[in-house]
Each structure stands twice: as C-alpha cells, then as structure tokens.
Amino acid sequence: RMDRNSPIGGSGVSEMEWQRICDLEDIPRLGARTICLAAGPIALFRTRDDRVFALLDKCPHKAGPLSQGIVHGTRVTCPLHDMVIELETGLAVAPDEGRAETFEARVISGNVEIRGALTAAAE
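Parameters at a glance
Residues numbered from 1 in each chain as written. Predicted model: local features only at pLDDT ≥ 70, side-chain atom pairs only at ≥ 80, totals over all residues. Heavy atoms only, no water. Buried < 20%, exposed > 50% of the residue type's maximum accessible area, 1.4 Å probe, protein only. Helix = DSSP H or I, 4+ residues; strand = E, 2+ residues; numbered from the N terminus. Pairing = 2+ DSSP bridges. Core = buried A, V, L, I, M, F, W, Y, C linked by side-chain atoms within 4.5 Å. Contact = heavy atoms within 4.5 Å. Axes fitted to C-alpha atoms, helices over the stretch in contact; angles between N-to-C directions.

Engineer: Is there a simple way to explain the pairing of strand β4 (residues 52–56) in this structure?
Structural biologist: Regular strands place side chains that alternate from one sheet face to the opposite one. Burial analysis of β4 places 5 of its 5 residues in the buried class, the great majority of the element. Along β4, one buried face is formed by Val 52, Ala 54 and Leu 56 and the opposite face, lined by Phe 53 and Leu 55, is buried too. Note that strand β3 (residues 40–46) and β4 share 5 bridges and pair antiparallel. Among the inter-strand pairings, Leu 44 is bridged to a residue of β4, identified as Ala 54. Once β3 ends, the chain turns through 5 residues before running back antiparallel as β4, passing Asp 50 with a positive phi of about 70°. By the bridge criterion, 2 bridges tie β4 to strand β8 (residues 102–108) in an arrangement that is antiparallel. Within the sheet, the bridge partner assigned to Leu 55 lies in β8 and is Thr 102.

Next comes the structure, spelled out in structure tokens:
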C-alpha cells in the first residue's frame with residue numbers, strides 16, 4: 001500500500017499526470033481549501049501532521065460541502081448532518097453508509113499535487 005503523500009517511484013506512473021495545485025501553507029492545518037477542476041469542486045484537506053487528502057466536495061448523504069466540515073485526525077465531519085467521512089478512502093464511518101469520490105494527493109517540497117481530477121484542456 002502506497003502512502004498517498006509520498007512520491008511515486010518505480011510504479012510506472014508518469015509524473016506528467018500529477019498537477020500542482022497550491023502550496024501546503026495555502027491549506028489551513030485541520031482545515032480545507034476548495035478548488036474547481038474538470039472533475040468538479042475538489043476539497044483539499046490538511047491534517048495536523050501535514051498530510052493532504054483530496055475529495056469531491058460533496059457528502060455522499062445529501063451533497064453537503066465537506067470542505068466546510070470539521071477535520072479531526074484523518075476524518076471530516078459533514079457540516080449538514082454530522083456524517084463522518086474517512087479522508088483516505090472517502091468511506092462513511094459506520095453506522096452511516098456511502099462514499100465520497102477521492103483523488104490521489106501528495107506533498108512534494110511544500111507543493112500540493114493531485115492526480116485524477118485534472119483541468120479540462122483549453123480548446
């Protein structure tokens with residue numbers, strides 16, 4: 001199992017697939033920042049120990065804005081109905097059910113990068 005916050009090495013994954021999004025310091029510790037990409041609104045979450053996770057900014061319950069929730073450990077609590085979501089997997093914590101879409105995220109030299117939600121090509 002690969003740590004989502006470490007560089008990809010020897011996996012055959014092209015570095016070109018990763019997109020720099022912002023500086024780590026642009027995301028508050030135990031908070032979130034929202035960006036708009038081709039995949040939709042993406043919430044970037046930063047844990048106390050500076051790990052970064054990227055989820056579609058919609059709770060699986062009623063599409064609440066997860067970016068406005070409370071980050072605790074490696075989880076976020078939706079501000080609408082208190083559903084707790086695991087940041088790494090996007091899965092709701094039991095007894096709730098559902099899954100928020102996740103995207104690979106990493107921090108390289110203080111830069112936050114994600115893969116899988118790249119912006120649409122300009123026409």
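Engineer: Any chance you could explain the nonpolar core here in plain terms?
Structural biologist: One broad rule of soluble globular proteins: the nonpolar side chains tend to lie buried together. Formed by 16 residues in total, the largest nonpolar core has its most connected members in Ile 42, Leu 44, Val 112 and Ile 114. Elements with a minimum of two residues in this core: β1 (18–23), β2 (31–37), β3, β4, β8 and β9 (111–115). What Val 112 contacts, discounting residues up to four positions off in sequence, is Gln 19, Arg 20, Ile 21, Cys 22, Asp 23, Leu 24, Ile 27, Leu 44, Val 52, Arg 106 and Val 107. In terms of nonpolar packing, the next biggest core, distinct from the first, is built from 14 residues, Ala 43, Phe 53, Cys 59 and Val 76 among them.

Engineer: Just checking my understanding: could you explain the sheet that holds strand β7 (residues 84–86) for this structure?
Structural biologist: Whether parallel or antiparallel, the strands of a sheet pair through hydrogen bonds between backbone atoms. Strands sit in the order β5-β6-β7 across an open sheet of 3 strands; the sheet is antiparallel. Every interior strand has two partners, whereas the edge strands, β5 (70–72) and β7, have only one. Strand-to-strand twist in this sheet, taken as the mean axis angle between neighbours without regard to direction, amounts to 25°. With 3 bridges connecting them, strand β6 (residues 75–77) and β7 associate as antiparallel partners. Note on β7: the bridge partner recorded for Val 76 is Ile 85.

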